[in-house]
Structure formats: C-alpha cells, structure tokens
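# Residue-level structure breakdown
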Amino acid sequence: MVDGFWVVGCYSDSAKAAFMTEFIHVINSLAPGGAERHLCRLLQCLVSAYPDDRHTVVTICELNERLQVPDGVRYLPGPGSRRLGLLIAIPRVLMVLLLRHQPCIVGWMYHGSWVAGMIHVLLFGHVRATLNIRHGGSLARKKIKRWMMRSLRWLSMRGIPFVFNSHVARGVHVEIGYRLDSSVVIPNGLNLHRHRQLALEDCPAGVEGPGRMIAFLGRNHRDKGADLLPAAMGPILGNHEDVRLVVAGTGTGLLEPLFKVESDRYGFDMSRILLLDHVENTAPILRRATVLFLSSRTEGFPNVALEAMALGVPVAYRSVGDLPLMLDGLIEGAETDQEIVAQCVQLLQMTQEDRHELSSLLVTRVEDEYDLGRTSQLHRNMWLGKGLSDG
C-alpha cells in the first residue's frame, strides 16, 4: 500500500438535504492495503446506519486487487496508469460539480500530490474538503514526503480541517508547520461483531496445531520489522519446545533462509515455523494465537494490533506510533530488540488466570474506545462540516 492522504467530502442538494447526502471518495494508491480496507469497513458501517446516504468510490489507478466495497456503494475503478488516471479523474470531478445545482463537497485520497493541491486551488470556494492523513512516523524519515507535505501546508493555513488516524502522524505534520487548531485525531475503528464472525472461519492449512503459537502478520518490509523476526524468534523457539510461529504477509516466504540459519543455531525443527504469503482474512489466525508479535520500526495506527486486542490476544510490540496509547496501562512497549523478545516470552508464560484478566481488559479497551460505529459517526460529522472536535 502507498502511504497517502484522504480528503473526503460530501454533496448535499439543498432541496434534498433533509434526506439525501452524497459522498465521493477518490483514492490515489496502487494497492488495497490497510487504509483502503478500513475505508470499506467505514462505508459498510455508514451504509447500514444511514441508508439514504449515497457513496461513490473512485480509484485514480487500477489497483492490483479489486476493492471489496460494500453493497450499495458505487465503485468506479480507474485505469492502470497513475498519470492517465489523474487526467481522467479531474474531469470526472469537474463534471460532478457542473451537473449539480448546488456546490459539491468532493473527496480525495492522494499520495502527497501537488496535482491534488492544484485541484483544490481551482475548486476553492466550491469544495469543502476534509483531509484524512493515515501515514505515521515513516514520513519523518522520507525527505521527499516531507517536502511534498511542506508544499501543501497552505491548505492547513486556509482552515481546511485535517483528520489524522494517529497522534504520531499529527505530530509529524505539526512539526513541519501545519496548524494544530485545524486538526483532529480520529482513530481507526473495528466492527467487533463482524470481526468475531470472521475469526470463526477456517484457518489456512497448517495453522492449527498443538502448543502455544506466536503470530506475525505483516508484509516483508523494513518498516514492519520483518527482517528482525528470525533473530528474535530463534532463542524463543530454541528454548520453548511447545511454541510455534505463524507468519503471514506478502513476501515473508523470503525469510525462510534466515529462519533456517536460526534453526541450525538453536536446534529447533523448521516444521514449527509456517510461512504464509498474503492472507485476506487473518482473524482466524489471531483467534488461535497466544501472542501477536509486532517488531515494526515505525507505525501510525496499526489495524492488526486493534484486531488482536478485539480477540483478547496480547501484543508484544515496540513502542512506536500510537501503540503505546492503544495499550496504555495494559502492556508496556519495548524499546530494543532484546526487550521485545523478553516481553514476548513473558506474555507466553502468563498463567491462565492472568491471561484471562488481560484478555478481558484488551477487549474492553476496544469496545470502549475503538468501536467502528462511534468512529464512523465522527468521520461523517467531519465530512458534513459539523465542527472540529478531537475524537
């Protein structure tokens, strides 16, 4: 997934405003990742709660996998070329504006694009936009992204509200000159009932097995810390014969040679490690996990941690992004590779009574603070311009 911004908005015909509102969500990314999946979940919740609302999802580029938009949402996939997609998307939006009797409020999701900034200039006065920014601490390390974000600070200066899904993303943008008083944090939400239903589905072959299980769910990327996994898991698997490891994520099969080195070093059988590629529904894996292991070097608001918490699964994690806030008072984050290994072992060795207590607290945290019904309402209020109040 390409890190990006969301700019989401709505259109209301004055004659129909009492019962119909139309939202247009334009996505400029190359692959359906966490941000796109969360948007689809958000729309599913809003379609159920507000059946008279109309939603249209437009992708500027042809994604490598079709978005699973909910029933009742119009889906307009774009062409394969990003540049061609921009040329097609701009007239689409302009046509929408011209055909309405009242000004539209149009939505965009883009990747630090100056083109999208120029569109705002052209349509300023006709468009009320809310920019939803999802990337986290990785922005601070990427100079080109920081440059692009600086070039769009004027949007903040014009009073356009920014919605961040993590406090770390908000902090990075404030550092480079964005207005704090025109921004708000609305965390990702989760439909607990739906998530628990998904967790009851069949696991991928090989996941079921005896003993305790550590799960790592994430693509093979430096930001996700997948390269740290073999060295971290070696001593754990070597010293705990009943522990297995399940890894699911694009490209993680490439880690097999590194795991083989650790297997020879610590004397455990490679059959205790299952390397899967991309898994669409990871909830059944989480339901069977004893611990979720997150070795990310940078994060914003990780959905996988929220999904684990909702099923009562403890999370061993590095203190990055909003993870320390999500798990505040429940599980203390690690600062080093050695600390996260020690934390994982500690969670594996919890008594049944302590684990049950912690699991209950994790589920309660999600129910109280990250329910999708609540967070989706906060988003809709922002799209409708009903005020700026921290979520």
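Keep in mind the model is a prediction, meaning the values are calculated, not measured.

## Details of the packing of aromatic side chains
The geometry of an aromatic ring pair comes down to the distance between the two centres and the angle between the two planes. What the rule picks out here adds up to one aromatic pair. When the ring centre of Tyr50 is taken as reference, the NZ or CZ atom of Arg380 above it lies at 3.7 Å.

## What about the nonpolar core?
Membership of the largest hydrophobic core comes to 62 residues, with the highest contact counts inside it found for Ile214, Met233, Ile236, Ile285, Leu292 and Phe293. Every residue in contact with Ile236, bar those within four places of it in the chain, is listed here: Ile214, Val243, Val341, Cys344, Val345 and Leu348. In this structure, Leu39, Val57, Val69 and Tyr75 belong to the second largest nonpolar core, which totals ten residues.

## Focus: the sheet that holds strand S10 (residues 243–248)
Sheet strands associate in pairs through backbone hydrogen bonding, adopting either a parallel or an antiparallel arrangement. Strand order across the open sheet formed by five strands is S11-S10-S9-S12-S13, with parallel pairing between neighbours. The open sheet has two edge strands, strand S11 (273–276) and strand S13 (315–317), and neither has a second partner. Neighbouring strand axes in the sheet, compared pairwise and without regard to direction, differ in orientation by 20 degrees on average. Direction of pairing for S10 relative to S11: parallel, over a ladder of four bridges. Considered in S11, the bridge of Val247 is made with Leu275. Seen against the sheet, helix H9 (residues 229–239) touches strand S9 (212–217), S10, S11 and strand S12 (291–294) and runs at an angle of roughly 160 degrees to S10. Helix H14 (residues 337–348) contacts S9, S10, S12 and S13 of the sheet and is inclined by roughly 170 degrees relative to S13.

## What about the confidence of the model for the protein?
Predicted coordinates in areas of low pLDDT are best not read in detail. Across the protein, the average pLDDT comes to 79, with 70% of residues at 70 or higher. In the predicted structure, residues 1–19 sits below a pLDDT of 50 and forms 89 contacts with residues beyond four places in sequence or in another chain. Here residues 100–115 is a poorly scored stretch, pLDDT under 50, and it has 75 contacts once near neighbours within four places are set aside; other chains count.

## Remarks on helix H16 (residues 372–383)
Between its first and last C-alpha, H16 extends 16 Å over twelve residues, near the 16 Å set by a 1.5 Å rise per residue. Residues of H16 that are buried: Leu372, Thr375, Ser376, His379, Arg380, Met382 and Trp383. Each buried residue of H16 lies within a common arc of 160 degrees when the element is viewed along its axis, so the set occupies one face. Where H16 begins, one side-chain oxygen reaches toward the backbone nitrogen of Gly373, 3.1 Å away; that side chain belongs to Asp371. Just downstream of H16, Gly385 is the residue with a positive phi angle, here 70 degrees.

## Some details on the pairing of strand S3 (residues 54–59)
Two faces, one strand: in a regular strand the side chains alternate between the faces of the sheet. For S3, the buried fraction is high: five of the six residues fall into the buried class. As defined by bridge partners, strand S2 (residues 22–27) adjoins S3 across six bridges and the pair is classed as parallel. Within S3, the position partnered with Ile27 by the bridge is Thr59. Here S3 runs beside strand S4 (residues 73–76); their pairing, made up of four bridges, is parallel. Across the sheet, Val58 pairs through a bridge with Leu76, a residue of S4.

## Section: the environment of Thr375
Note that Thr375 resides in helix H16. Since its relative accessible area comes to 0%, Thr375 is described here as buried. C-alpha separation for the pair Thr375 and Cys45, spaced 330 residues apart in sequence, amounts to 9.9 Å. Those residues in contact with Thr375 that sit more than four places away from it in its chain are Ile186, Pro187, Asn188 and Gly189.

## Details of helix H10 (residues 256–266)
Among all positions of H10, only Phe259, Glu262 and Ser263 are buried. Viewed end-on, H10 has its buried residues packed into an arc of 105 degrees, placing them on one side of the element. Pointing more than 90 degrees away from the buried face of H10 are the exposed residues Pro257, Val261, Asp264 and Arg265. Tucked into the core, H10 has its buried residues touching H9, S10 and S11.

## Here we look at the environment of Phe162
Counting through the fold element by element, Phe162 comes out in strand S7 (residues 162–164). Sequence separation of Phe162 and Tyr178 is 16 residues, and the distance between their C-alpha atoms is 9.2 Å.

## Some details on the pattern of salt bridges
Applying the stated rule across the entire model yields ten salt bridges. For Glu307, the salt bridge identified is with Arg41, shortest N-O distance 3.0 Å. Of this pair, Glu307 sits in helix H12 (residues 303–310) while Arg41 sits in helix H1 (residues 34–49), and the two are 266 residues apart along the sequence. The closest approach of N and O atoms between Arg380 and Asp53, which form a salt bridge, is 2.8 Å. Note that Arg380 is positioned in helix H16 and Asp53 in the loop between H1 and S3, a separation of 327 residues in sequence.

## Quick word on the pairing of S10
Burial within S10 is extensive, with six of its six residues counted as buried. By the alternation rule, side chains of S10 split into Val243, Leu245 and Val247 and Arg244, Val246 and Ala248, which are all buried. Two strands pair when backbone bridges link them, and S9 and S10 are joined in this way by six bridges, in the parallel orientation. Paired with Ala215 across the two strands is Val246, which belongs to S10. With respect to chirality, the unit in which S9 leads through H9 into the neighbouring parallel S10 is right-handed. In this fold, S10 hands off to H10, which returns the chain to S11; that crossover is right-handed.

Criteria and thresholds
Residues numbered from 1 in each chain as written. Predicted model: local features only at pLDDT ≥ 70, side-chain atom pairs only at ≥ 80, totals over all residues. Heavy atoms only, no water. Phe/Tyr/Trp six-rings, centres within 6.5 Å; stacked < 30°, edge-to-face > 60°. Lys NZ or Arg CZ within 6 Å of the ring centre and 35° of its normal. Core = buried A, V, L, I, M, F, W, Y, C linked by side-chain atoms within 4.5 Å. Buried < 20%, exposed > 50% of the residue type's maximum accessible area, 1.4 Å probe, protein only. Contact = heavy atoms within 4.5 Å. Pairing = 2+ DSSP bridges. Helix = DSSP H or I, 4+ residues; strand = E, 2+ residues; numbered from the N terminus. Axes fitted to C-alpha atoms, helices over the stretch in contact; angles between N-to-C directions. pLDDT = per-residue confidence, 0-100. Expected span 1.5 Å × (residues − 1). Arc of directions from axis to C-beta. Polar contact = N/O pair within 3.5 Å; in protein donor to acceptor, adjacent residues only side chain to side chain. Salt bridge = Lys/Arg side-chain N within 4 Å of Asp/Glu carboxyl O. Right-handed = clockwise from strand over helix to strand, strands pointing away.

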